[in-house]
Amino acid sequence: MSVPQNTIAIIFDYDQTLSPTYMQEETLFPAFGINAAAFWKRCQDLVREEGYDNELAYMKVMLDYLEMDRPTNDDLRALGQQLTFYKGVTEMFEEFKHGLLSPDQVAYGIRVEHYIVSSGLKALLDGSRLAPYVRAIFGCEFAEDSQGRITFPRRVISHTQKTQFLFRINKGLLDPTDDVNDHMPPELRPIPFPHMIYVGDGPTDVPCFTVMRKYGGQAIAVYNSEDASRASFKKCYQLSAHADRVRHIAPSDYRAGSHLRHLIEEMVQEIATQILRRHRDDLEASMVRAPKH
């Protein structure tokens, strides 16, 4: 027994991948009058002096800053409407709803799903303009008290833990309460790794790049071409030319006709063609030809 493996998953990191800014700086800091430099310095101090993980550090400092104005997750979702993105991001998701696959591929049931796996705040992304286009969003989450105010980190996703969610997508276990470590034979996994494309921006995506490389998926490292220091490009160049983590790098321009769009579209077409060819080969192998006279 097997399941149809007709789905192609495009998985995006968020900060510096879909957006040139950090989501907290664009939404929370202006809303609550938080000084960005002081905030990130306090986070770095917790990591360096007290041994905090990076993600726990920023969530703790956020709670400290918001102590007097403790928002709810609904408040965070409302702030998520203010998130802005690289050129062409929202248009890409809209355009990918139609025309990305050929009629033959669509007729066979091949489809493309989008996912976001981020160390940022899930609530902000849930409220963003991207949410309607995305099958699932995975990110850090706060629990709430009896009055609905955020109280304590409920889920923290570090850059190494992000790989867990690649396996969740692979196995179709999108509810975080499902045990992703349960054994599942390859033929029962709805989205094999060769059907995945991962898009990230740099060193924090290395664990995901490595998983994709190991299991036959595709990966693209994107950089901000408007970064005058070229630091963004240099990170991607190192990952490709020296660390051998990714084969493809591209500017984070998601508009139709861009290098990045060409890469994503070609990868989708290649995967879809392989799925259709495999289906036809299986059909041919299972047929019993009628005798000829």
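Quick look at the structure, then. As a convention, each chain's residues are numbered from 1 in the sequence order in which they are written. Given that this is a predicted model, residues contribute local features only at a pLDDT of at least 70 and side-chain atom pairs are listed and counted only at 80 or more, while totals for whole chains, interfaces and linings are drawn from all residues. Side-chain measures here rest on the full set of heavy atoms in the structure, leaving out hydrogens and waters.

### Comments concerning unusual backbone geometry
Definition in use: Helix numbers and strand numbers start at the N terminus; a helix is a DSSP run of H or I with at least 4 residues, a strand a run of E with at least 2.
Here Arg 230, not a glycine, exhibits a phi torsion of approximately 65°, which is positive. For Asp 244, which is not glycine, the phi dihedral falls at a positive 55°. If you trace the backbone, Asp 244 turns up in the loop between helix H11 (231-242) and strand S7 (248-251).

### Re the packing of aromatic side chains
As a reminder of what qualifies: In this scheme Phe, Tyr and Trp rings, the latter by its six-membered ring, pair at centre separations within 6.5 Å, and the angle between planes marks the pair as stacked below 30 degrees, edge-to-face above 60, and tilted otherwise. Throughout this description, buried means an accessible area under 20% of the type-specific maximum (1.4 Å probe, protein chains only), exposed means over 50%, and partly exposed covers the range between.
Tallied over the full model, the rule gives 16 aromatic pairs. Pairing Tyr 22 with Trp 40 gives two aromatic rings, centres 6.0 Å apart and planes at 55°, and the pair type is tilted. Placement of the pair is Tyr 22 in the loop between strand S1 (7-12) and helix H1 (23-26) and Trp 40 in helix H3 (residues 36-50), with a sequence separation of 18 residues. Since its relative accessible area comes to 38%, Tyr 22 is described here as partly exposed. An aromatic cluster is built from Tyr 22, Phe 29, Phe 39, Trp 40 and Tyr 65, whose rings are joined through pairwise contacts.

### A word on the pattern of salt bridges
Going by this rule: The term salt bridge refers to a pairing of a side-chain nitrogen on Lys or Arg with a carboxyl oxygen on Asp or Glu at a separation within 4 Å.
All chains considered together, the criterion is met by 21 salt bridges. Between Asp 45 and Lys 41 there is a salt bridge; the shortest N-O distance is 3.1 Å. With Asp 45 and Lys 41 both in helix H3, this residue pair falls four residues apart, about one helical turn. Its relative accessible area of 11% is what places Asp 45 among the buried residues.

### Thoughts on the pairing of strand S3 (residues 136-144)
For the record, the criterion: Paired strands, as defined in this entry, are two strands with at least two bridges between them according to DSSP.
In terms of burial, S3 is largely enclosed, as seven of its nine residues are buried. Here strand S2 (residues 111-121) pairs with S3 via four bridges, running parallel. In the strand pairing of S3, Val 117 is matched with Phe 138. Across four bridges, the pairing between S3 and strand S4 (residues 150-155) is antiparallel. From the neighbouring strand, Glu 144 faces S4, where its bridge partner is Ile 150. With antiparallel pairing between neighbouring strands as the criterion, S3 and S4 make up a hairpin whose turn holds five residues, including Gly 148 at a positive phi of roughly 85°.

### Concerning the packing of helix H9 (residues 162-171) against helix H10 (residues 206-215)
Where we set the bar: In this analysis an axis means a line fitted to C-alpha atoms, helices contributing only their contacting stretch, and an angle means the value between N-to-C directions, from 0 to 180 degrees. With respect to orientation, any angle under 35 degrees is reported as roughly parallel, any angle over 145 as roughly antiparallel, any angle of 65 to 115 as roughly perpendicular, and every other angle as oblique. Take the far helix as your reference; a near helix turned counterclockwise from it by less than a right angle gives a left-handed crossing, and one turned clockwise gives a right-handed crossing. Contacts were defined at the residue level, with two residues in contact if any of their heavy atoms lie within 4.5 Å. The residue classification treats Ala, Val, Leu, Ile, Met, Phe, Trp, Tyr, Cys and Pro as nonpolar and Asp, Glu, Lys and Arg as charged. All others, Gly included, are polar.
Packing of H9 against H10 brings their axes to within 8 Å, and their N-to-C directions diverge by 40°. Classed by the angle they form, the pair H9 and H10 counts as oblique. The crossing of H9 and H10 is right-handed. Facing Lys 162, Thr 163, Leu 166 and Phe 167 of H9, the residues of H10 in contact are Pro 207, Cys 208, Val 211, Met 212 and Tyr 215. Broken down by class, the residue content of the contact of H9 with H10 amounts to seven nonpolar, one polar and one charged.

### Comments concerning the layout of surface pockets
The condition is simple: Lining residues are those with an atom within 4 Å of a point, where the points come from a 1 Å grid over the protein atoms alone and group into cavities, where a 1.4 Å probe fits but cannot get out, or pockets, open sets with protein on both sides within 12 Å along at least five of seven lines. Grid points are joined across faces, edges and corners, and a volume is the space filled by probe spheres set on the points.
As a volume, the largest pocket reaches approximately 620 Å³. Contributions of two or more residues to the lining of the largest pocket are made by H3, helix H4 (54-65) and S2. Partitioning the lining of the largest pocket into residue classes produces six nonpolar, 10 polar and six charged.

### With respect to H9
In terms of burial, H9 is largely enclosed, as eight of its 10 residues are buried. In the core, the buried residues of H9 are packed alongside S1, S2, S3, strand S5 (196-200) and H10. Residue Gly 172 follows H9 closely and has a positive phi angle near 75°.

### Points about the sheet that holds S3
Working definition: the strands of a sheet are paired by backbone hydrogen bonds and lie parallel or antiparallel to each other. Read across the sheet, seven strands follow the order S4-S3-S2-S1-S5-S6-S7 without closing on themselves; strand pairing throughout is mixed. Looking at strand neighbours, the two that pair on one side only are S4 and S7, the edges of this open sheet. The mean angle between the axes of side-by-side strands here comes to 25°, regardless of whether they run parallel or antiparallel. Lying on the sheet, H10 is in contact with S5 and strand S6 (218-223); it crosses S5 at an angle near 155°. Contacts from H11 reach S6 and S7, with the element oriented near 155° to S6.

These figures come from the coordinates and say nothing about function on their own.
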